[in-house]
Amino acid sequence: MASQKITRVGVIGAGQMGAGIAEVCARASVDVLVYESTRELAAAGRSRVMRSLDRGVSSGKLTEREREQAAWRLRFTSDLADFADRQLVIEAVVEDEAVKIAIFAELDKVVTDPTAVLASNTSSIPIMKLGMATQNAARVVGMHFFNPVPVLPLVELVTTLMTSPEVSERAEDFARDVLGKQVVRSADRSGFVVNALLVPYLLSAIRMVESGFATVEDIDKAMVLGCAHPMGPLRLTDLVGLDTVKAIADKMYEEFKEPLYSPPPLLMRMVEAGRIGKKAGRGFYQYD
Ligand code: CAA
Ligand code: NAD
């Protein structure tokens, strides 16, 4: 069956990444339905998108009319059954394999169009595990966006041994032609391309703090001024979320048993203490 142009997208989760993905889809004139489990989380997700759209207007990237039109294209629901008519669903919930598997199993039952694409924005969970939670692993693919989604132009496209070429092509066309992102392809290995390189760097910076090698501020300053990175590794860890960095490290270590991927104790203690970065107001830095 020939697949139609994608005009109806679903996004599961409206945290940092889900909100960003929903925003770029709505800005690209796509009808977007977003899932959060409660009304309160949905309201928080909508205000996250609206704050970012407001920022777009104040920086002159969007007109007021474009902001209003994008906002009109976004609807929220707490019922996955509402995703029945979606042509592409992008899952962006917490980096937890069991939670994602349950969502893929449910989505597979709800999204009836066999040409619809089920994608995950996971940072590190092999896409095959999500595909095998469905009855049709051929339509499951990884679409890995980068934080902040409205700013960073990359999507990593991850195909599994089971993903059909039509599905990966449809996902790539959407990311490139509709969202205007650039696409690189990665094999289905935990961490894909970017996190396989980035995460050991972030963990090494945390180990430097832990051992008293240098201060948080000096490590960040060194990488910003010495290597022209837009932000240092500890501020970047705060941006990503320490809970997410730890979950990614755990998965990458589980897959490769590479010591550089194992989460350092300081990271574990900070997650246990709730100091999970910018989204919590406190990580390596204080945000208030
Ligand atoms: N939403 C929309 N626009 C945003 C934004 C957001 N959340 N954050 C920043 N911007 C825009 C600003 O409006 C601004 O636009 P103009 O230049 O047109 O005014 C531009 O981005 C720069 O923003 P700022 O001047 O406020 O701040 P900055 O120059 O310090 O940039 C940054 C902020 C874009 C976050 C930049 O520091 C950066 O790119 N940092 C590195 C981010 C990075 O490496 N991300 C990847 C993380 S890893 C990942 O995502 C994968 C994973 O699985 C963990
Ligand atoms: P976040 O903490 O900002 O948001 C988590 C989302 O998951 C929220 O929508 C929350 O309501 C939902 N959630 C939490 N527990 C849930 C549960 N039990 N059932 C259903 N939903 C639940 O996290 P984020 O940074 O948006 O990350 C989301 C996904 O995107 C993760 O897979 C992460 O690895 C990936 N990712 C993150 C980044 C990043 O820089 N933070 C970058 C690329 C990809």
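Residues numbered from 1 in each chain as written. Chains lettered and ligands numbered in written order. Predicted model: local features only at pLDDT ≥ 70, side-chain atom pairs only at ≥ 80, totals over all residues.

*Asks:* Looking at this model, I keep getting lost on the overall build of the protein chain. Mind explaining?
*Replies:* A tally of helices and strands in the protein chain yields 11 helices and eight strands. If you line up the protein chain on its principal axes, its C-alpha atoms span 60 × 45 × 35 Å. Looking at the 288 residues of the protein chain, the share that counts as buried comes to 45%. Summarising the internal contacts of the protein chain: among those between residues at least 6 apart in sequence, 66% fall at separations of at least 24. (Helix = DSSP H or I, 4+ residues; strand = E, 2+ residues; numbered from the N terminus. Buried ≥ 20, exposed ≤ 12 C-beta atoms within 10 Å, placed from the backbone. Contact = placed C-beta atoms within 7 Å.)

*Asks:* Is there a simple way to explain the UniProt feature "domain: 3-hydroxyacyl-CoA dehydrogenase C-terminal" (unreviewed entry) in the protein chain in this structure?
*Replies:* Mapped onto the present numbering, the UniProt feature "domain: 3-hydroxyacyl-CoA dehydrogenase C-terminal" (unreviewed entry) falls on residues 191-287. Between the end C-alpha atoms of residues 191-287 there is a gap of 28 Å, over a span that is 62% helix and 0% strand. (UniProt positions renumbered as here; feature names shortened; annotations may be inferred.)

*Asks:* I would appreciate a short explanation of the domain arrangement of the protein chain in the present structure.
*Replies:* Each assigned domain of the protein chain is listed here: domain 1 (8-186) and domain 2 (194-280). The interface of domain 1 with domain 2 comprises eight residues on the first partner and 10 residues on the second. A per-class count over the side of domain 1 that touches domain 2 returns one nonpolar, four polar and three charged. (Domains from an automatic or database assignment. Nonpolar A, V, L, I, M, F, W, Y, C, P; charged D, E, K, R; others polar.)

*Asks:* What should I look at first to understand the site of ligand 1 in this one?
*Replies:* Contacts to ligand 1 come from 18 residues, most closely from Ser59, Ser123, Asn147, Pro148 and Pro230. Residue assignment for the shell around ligand 1 shows that the elements contributing at least two residues are α2 (39-58), α7 (194-210) and α9 (233-240). By residue number, the principal contributor to the shell around ligand 1 is α7, which donates three residues. For the shell around ligand 1, a count of residues per class yields 11 nonpolar, five polar and two charged. When residues of the shell around ligand 1 are assigned to domains, at least three fall in each of domain 1 (8-186) and domain 2 (194-280). (Near = placed C-beta within 6 Å.)

*Asks:* In this structure, what is going on with the sheet that holds strand β5 (residues 117-120)? I would like to understand it.
*Replies:* Pairing in this open sheet of eight strands is mixed, and the strands run β3-β2-β1-β4-β5-β6-β7-β8 from one edge to the other. Of all strands in the sheet, those with a lone pairing partner are β3 (74-77) and β8 (182-186), marking the two edges. Here the strands of the sheet are splayed against their neighbours by 25 degrees on average, with no regard to which way each runs. Bridge count between strand β6 (residues 140-145) and strand β7 (residues 154-158): four bridges; the pairing is antiparallel. Across the sheet, residue His144 finds its bridge partner in β7, namely Glu156. (Pairing = 2+ DSSP bridges. Axes fitted to C-alpha atoms, helices over the stretch in contact; angles between N-to-C directions.)

*Asks:* Explain the UniProt feature "domain: 3-hydroxyacyl-CoA dehydrogenase NAD binding" (unreviewed entry) in the protein chain to me, please; I cannot follow it from the model alone.
*Replies:* The sites that UniProt annotates as "domain: 3-hydroxyacyl-CoA dehydrogenase NAD binding" (unreviewed entry) are residues 9-188. For residues 9-188, helix accounts for 41% and strand for 21%, while the C-alpha atoms at its two ends are 24 Å apart.

*Asks:* Mind showing me how you'd approach unusual backbone geometry here?
*Replies:* Following Asn147, the chain continues to Pro148 via a peptide bond in cis, the omega torsion being 0 degrees. Following the sequence through the fold, Pro148 ends up in the loop between β6 and β7. The backbone of Ser29 sits at a positive phi, close to 70 degrees, despite the residue not being glycine.

*Asks:* Mind showing me how you'd approach the site of ligand 2 here?
*Replies:* Every one of the 24 residues lining ligand 2 counts as a neighbour, but Gly13, Gly15, Met17, Ser123 and Asn147 are closest to it. Of the residues forming the shell around ligand 2, the biggest block, three residues, is contributed by helix α1 (residues 16-27). The class makeup of the residues in the shell around ligand 2 is 10 nonpolar, 11 polar and three charged. Residue-level mapping places the shell around ligand 2 at the junction of two domains, with at least three residues from each of domain 1 (8-186) and domain 2 (194-280).

*Asks:* What should I look at first to understand the pairing of strand β1 (residues 8-12) in this one?
*Replies:* Every regular strand shows the same layout, with side chains that alternate between the two sheet faces. Counted residue by residue, β1 has four buried out of five residues, so it is predominantly covered. Inspection of the sheet shows β1 paired to strand β2 (residues 31-35) by five bridges, in the parallel sense. Within β2, the residue paired with Val9 across the bridge is Val32. Pairing geometry for β1 and strand β4 (residues 88-91), over four bridges, is parallel. Looking at β4, one finds that Gly10 is bridged to Val89.

*Asks:* Sorry if this is basic, but what is going on with the packing of α7 against helix α10 (residues 242-256) here?
*Replies:* Helix packing for two helices is described by the angle between their axes and how far apart those axes are. Where α7 meets α10, the closest approach of the two axes is 11 Å, and the angle between their N-to-C directions is 115 degrees. Taken as a pair, α7 and α10 cross one another with a handedness that is left-handed. Contact residues: Asn195, Val199, Leu202 and Leu203 in α7; Val245, Ile248, Ala249 and Met252 in α10. Partitioning the contact of α7 with α10 into residue classes produces seven nonpolar, one polar and no charged. (Left-handed = near helix turned anticlockwise from the far one by under 90°.)

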